[in-house]
Amino acid sequence: MFSYATKGVCSRKITFDIVDGKLHNVQFEGGCPGNLLAISKLVEGKNALEIAELLAGNDCRGRGTSCADQLSQAIKANI
């Protein structure tokens, strides 16, 4: 299980597994529960690198990042 401390967003931490290049068990600590639960369901079993590229640069309210972008950064940091 990988753990990533987020920066600049409402969620505090993201945990996930990468098995055979695919994402599993993505969980956000804090943040907007409905949206983050949806992201977790949508990325389950998908290619980690493809998800990282898809979500990279997604911005929330002019912060320069978002929980989705932080997931992208977390994946890239752990591959």
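You'll find the structure just up there.
Residues numbered from 1 in each chain as written. Predicted model: local features only at pLDDT ≥ 70, side-chain atom pairs only at ≥ 80, totals over all residues. Heavy atoms only, no water.

Asker: Hey, could you go over the packing of aromatic side chains for me, with residue numbers and the actual values?
Answerer: Taken as a whole and judged by the stated rule, the model has 1 aromatic pair. With a centroid separation of 5.5 Å and 40° between ring planes, the pair formed by Phe2 and Phe16 is classed as tilted. Taken together, the residues span a long stretch of sequence, with Phe2 in strand β1 (residues 2–5) and Phe16 in strand β2 (residues 11–19) at a distance of 14 residues. Given the relative accessible area of 27%, Phe2 is considered partly exposed. (Phe/Tyr/Trp six-rings, centres within 6.5 Å; stacked < 30°, edge-to-face > 60°. Helix = DSSP H or I, 4+ residues; strand = E, 2+ residues; numbered from the N terminus. Buried < 20%, exposed > 50% of the residue type's maximum accessible area, 1.4 Å probe, protein only.)

Asker: Help me get a handle on the nonpolar core, residues and values and all.
Answerer: Core analysis: the biggest nonpolar cluster contains 19 residues, and Phe16, Leu23, Val26, Phe28, Ile39, Leu71 and Ile75 have the highest contact counts within it. Elements represented by at least two residues in this core include exactly β2, β3 (22–30), α1 (33–43), α2 (48–55) and α3 (67–77). With 5 residues, α3 is the single largest residue contributor to this core. Excluding its chain neighbours within four sequence positions, the residues that come into contact with Phe28 are Ser11, Lys13, Ile14, Leu36, Ile39, Ser40, Cys67 and Leu71. (Core = buried A, V, L, I, M, F, W, Y, C linked by side-chain atoms within 4.5 Å. Contact = heavy atoms within 4.5 Å.)

Asker: So what's going on with α2? Residues and values would help.
Answerer: Residues that lie three or four places apart on an α-helix share one face, since the helix turns once every 3.6 residues. Every buried residue of α2 is accounted for by Ala48, Ile51, Ala52 and Leu55. An end-on view of α2 places all buried positions within 100° of arc, on one side of the element. Away from its buried face by more than 90 degrees, α2 exposes Glu50, Glu53 and Leu54. Those residues of α2 that are buried are in contact with β2, β3, α1 and α3. Between the side-chain oxygen at the start of α2 and the backbone nitrogen of Leu49 there is a gap of 3.0 Å, and the oxygen is on Asn47. Just beyond α2, the residue with positive phi is Gly57, at close to 85°. (Arc of directions from axis to C-beta. Polar contact = N/O pair within 3.5 Å; in protein donor to acceptor, adjacent residues only side chain to side chain.)

Any functional reading would require information that these geometric values do not contain.
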